[in-house]
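Listed below, chain by chain, are the residues.
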Amino acid sequence: MAGERIAVVTGASSGIGEATARELARLGWHCVLLARRADRLEALANEIGAEWETCDVRDRTQVDEVAERVLARHSAVALLVNNAGVPGRGTFVSTSPETVERVIETNYLGGVWCTRAFMPGLRSAAAANGPAHIVNVVSVAGTIAFAPAGPYAAAKHAQLAFSRSLRATLRSEGIQVHTLLPGFVETEGFTPRSNLRSGIMRRFVLDADDVARALVKAVEKGRNEMTVPWFPYRPVSIFQALFPGVLARLVGSYGYRPGTQD
Ligand SMILES: NC(=O)c1ccc[n+]([C@@H]2O[C@H](COP(=O)([O-])OP(=O)(O)OC[C@H]3O[C@@H](n4cnc5c(N)ncnc54)[C@H](OP(=O)(O)O)[C@@H]3O)[C@@H](O)[C@H]2O)c1
């Protein structure tokens, strides 16, 4: 339909991506949902009046083909949410090599491939109605070297650098890049309410809907980086920047319950 604002949401089949798609649809966006589980995407698309495509963000060729199909239907994409991601509980010595590869390929490179593939649509939207937006769903683990999920934290650090450098790159083109840094969120893939050992950390666990609302606010208010919730994570991130060794050692003593490694 003419005048529709198009949003592409990756990892929309559950958790933060699903909640974001619902929130965007409620606000009048037309969503294109991407993930691997067709049944889940189809059910959500029917419910909120969206479109869907199966897409494995690790597969660069598949991402390019999906983007080509979506852009043939919608030449202007006003919002891309790079949200698809997988957990990686385990340290750099205990976790499997496959998990190390999976978290880098999904959580970091997946967003890079999707951004590159949807650039023509984002540029068209910015030129026609400006500005267009990209949201990268990073994590507080992008700013804190959380040893019990070392490879995951490293992938999220890479994704954070990607998001910050992309913001500087696209600024002059009228495409705003927003970085969302959620703390622990209860979702299908990440179940911190049951697998975190620390009762204090469990107290700060959010629901996906809280993060979806924050994500939309970041876009509407043009926020560069948003930590959700601000407390306790933002002060802890600042402490990490000032005293990296001390903080990494302190948070390293918190971890997951036995038997919850990926
Ligand atoms: N939950 C937390 O504590 C937390 C905290 C901070 C940041 N985050 C980040 O938030 C994002 C969403 O996670 P979530 O908590 O909502 O978990 P979730 O409920 O498990 O959702 C993950 C989503 O990513 C999709 N996905 C996974 N691998 C994919 C691939 N190769 N290609 C395409 N889609 C893929 C999944 O769909 P399919 O399986 O259908 O492909 C699913 O829709 C992730 O980037 C995560 O790192 C989570």
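Bear in mind the structure is a predicted one, so any value in this text is a computation, not a measurement. (Residues numbered from 1 in each chain as written. Predicted model: local features only at pLDDT ≥ 70, side-chain atom pairs only at ≥ 80, totals over all residues. Heavy atoms only, no water.)

Trainee: Which residues make up the packing of aromatic side chains, and what values do they have?
Mentor: By the definition in use, this model includes four aromatic pairs. In this structure, R60 packs its charged tip against the face of W113, placed 5.0 Å from the ring centre. (Phe/Tyr/Trp six-rings, centres within 6.5 Å; stacked < 30°, edge-to-face > 60°. Lys NZ or Arg CZ within 6 Å of the ring centre and 35° of its normal.)

Trainee: With reference to specific residues and values, describe the site of the ligand.
Mentor: As a structural note, the neighbourhood of the ligand is formed by 31 residues, with I16, R36, Y152, V185 and T187 the closest of them. Within the side chain of S14, a nitrogen or oxygen atom sits 2.9 Å from an oxygen atom of the ligand. R36 is positioned with one of its side-chain polar atoms (N or O) 2.7 Å from an oxygen atom of the ligand. Burial of the ligand by the surrounding chains reaches 96%, relative to a free accessible area of 880 Å². In terms of residue class, the shell around the ligand is made up of 14 nonpolar, 11 polar and six charged. (Near = heavy atom within 4 Å. Polar contact = N/O pair within 3.5 Å; in protein donor to acceptor, adjacent residues only side chain to side chain. Areas by Shrake-Rupley, 256 points an atom, 1.4 Å probe, with all protein chains shown as cover. Nonpolar A, V, L, I, M, F, W, Y, C, P; charged D, E, K, R; others polar.)

Trainee: Report on the side chain of H74, specifying residues and quantitative values.
Mentor: Structurally, the position occupied by H74 is in the loop between α3 (60-73) and β4 (79-82). Relative accessible area serves as the criterion here: at 12%, H74 is assigned to the buried category. (Helix = DSSP H or I, 4+ residues; strand = E, 2+ residues; numbered from the N terminus. Buried < 20%, exposed > 50% of the residue type's maximum accessible area, 1.4 Å probe, protein only.)

Trainee: Lay out the confidence of the model for the protein chain in plain terms, naming residues and giving numbers.
Mentor: Mean pLDDT for the protein chain: 95, with 99% of residues reaching 70 or above. Of all the helices and strands in the protein chain, helix α10 (residues 244-252) carries the lowest mean pLDDT, 83, while strand β1 (residues 6-10) carries the highest, 99. (pLDDT = per-residue confidence, 0-100.)

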